[in-house]
Amino acid sequence: MVNYVLAAAARAQATAMMAELDAHRPGATQRLAQDALAEMQTWPELIVRRVAEAQTGPRCSVAGAYAPGPPPQIVVVGSTSPARQDFTALHELSHHLQQNSFALMDAFARQPDRGVLLQDAARRIPREQDPHR
C-alpha cells in the first residue's frame, strides 16, 4: 500500500533535487535525460565507472553503487539496456546530490525517523514506473 503523504514528500524531494542540480549545472537535467552516463562523465568532481557484471561477485544483485569519496564515485553495472544503466546512474546521482547539499539533507532531518520511511517511499516510486525491476 502506498503512503500518499510520504510519496508526495518523495516527489517534492525529487523536484528539489532537480532544482539544486540546475542551480549548479544549468541545463543538466535536460542533458541527463538524453544520456545520463555520458553527461555525468563530463563532471570533473565525480568519477563515473561502468563495470562488467562479472566484476560484482556471484552474490551481488546491485546494479550500481555510490561512494562519497573523496573523490565521489558512481559505479554502474553494465547492462544490455542503456535505459537500465541510465536509471541506475541517476539513482546513484541522487545519493550524491543528497549527501552534498544541506538543503536536500534537511528534508530527511525533518522526518521523525530521520528519513528512513521517506527514502523507502522514494524507492517504491521507480518500481511502480520501471518495468525492468
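You'll find the structure just up there.
Described below are features of the structure shown in this document. Values in this document were obtained by computation on a predicted structure and should not be read as measured data. (Residues numbered from 1 in each chain as written. Predicted model: local features only at pLDDT ≥ 70, side-chain atom pairs only at ≥ 80, totals over all residues. Heavy atoms only, no water.)

### Quick look at the sheet that holds strand 3 (residues 73-77)
A sheet is described by the order of its strands in space; here three strands give the open sequence 1-3-2, paired in mixed fashion. Looking at which strands have only one partner, the edges of the open sheet turn out to be strand 1 (47-51) and strand 2 (64-67). Neighbour to neighbour, the strand axes of the sheet diverge by 15° on average, direction disregarded. One ladder, built from five bridges, connects strand 1 with strand 3; its direction is parallel. What sits directly across from Val 48, in strand 3, is Ile 74. Running over the sheet, helix 3 (residues 82-99) touches strand 1, strand 2 and strand 3 and is turned about 160° from strand 3. (Pairing = 2+ DSSP bridges. Helix = DSSP H or I, 4+ residues; strand = E, 2+ residues; numbered from the N terminus. Axes fitted to C-alpha atoms, helices over the stretch in contact; angles between N-to-C directions. Contact = heavy atoms within 4.5 Å.)

### Focus on helix 2 (residues 28-40)
With 13 residues, helix 2 extends only 9 Å from end C-alpha to end C-alpha; this falls clearly short of the ideal 18 Å at 1.5 Å per step. Taken as a whole, helix 2 carries its principal kink of about 110° at Gln 34. Buried within helix 2 are the following residues: Ala 28, Thr 29, Leu 32, Ala 36, Leu 37, Glu 39 and Met 40. (Expected span 1.5 Å × (residues − 1). Bend = angle between axes of the 7 residues up to and from the residue. Buried < 20%, exposed > 50% of the residue type's maximum accessible area, 1.4 Å probe, protein only.)

### Some remarks on the nonpolar core
Grouped together as the largest cluster of nonpolar side chains are 17 residues, with contacts concentrated most on Leu 32, Met 40, Trp 43, Leu 46, Ile 74 and Leu 93. Every element with two or more residues in this core is listed here: helix 1 (4-24), helix 2, strand 3 and helix 3. Not counting residues within four places of it along the chain, the set of residues in contact with Leu 32 comprises Leu 21, Glu 39, Met 40, Trp 43, Leu 90 and Leu 93. (Core = buried A, V, L, I, M, F, W, Y, C linked by side-chain atoms within 4.5 Å.)

### What about the environment of Val 51?
Counting through the fold element by element, Val 51 comes out in strand 1. In this structure, the C-alpha to C-alpha distance between Val 51 and Ser 79, residues 28 residues apart in sequence, is 9.5 Å.

### Remarks on the pairing of strand 2
Side-chain direction in a regular strand flips from residue to residue, so the side chains alternate between the two faces of the sheet. By the alternation rule, side chains of strand 2 split into Gly 64 and Tyr 66, which are all buried, and Ala 65 and Ala 67, of which none is buried. With four bridges connecting them, strand 2 and strand 3 associate as antiparallel partners. Looking across to strand 3, one finds that Gly 64 is bridged to Val 76. Between strand 2 and the antiparallel strand that follows it, strand 3, lie five residues; Gly 69 among them carries a positive phi value of about 80°.

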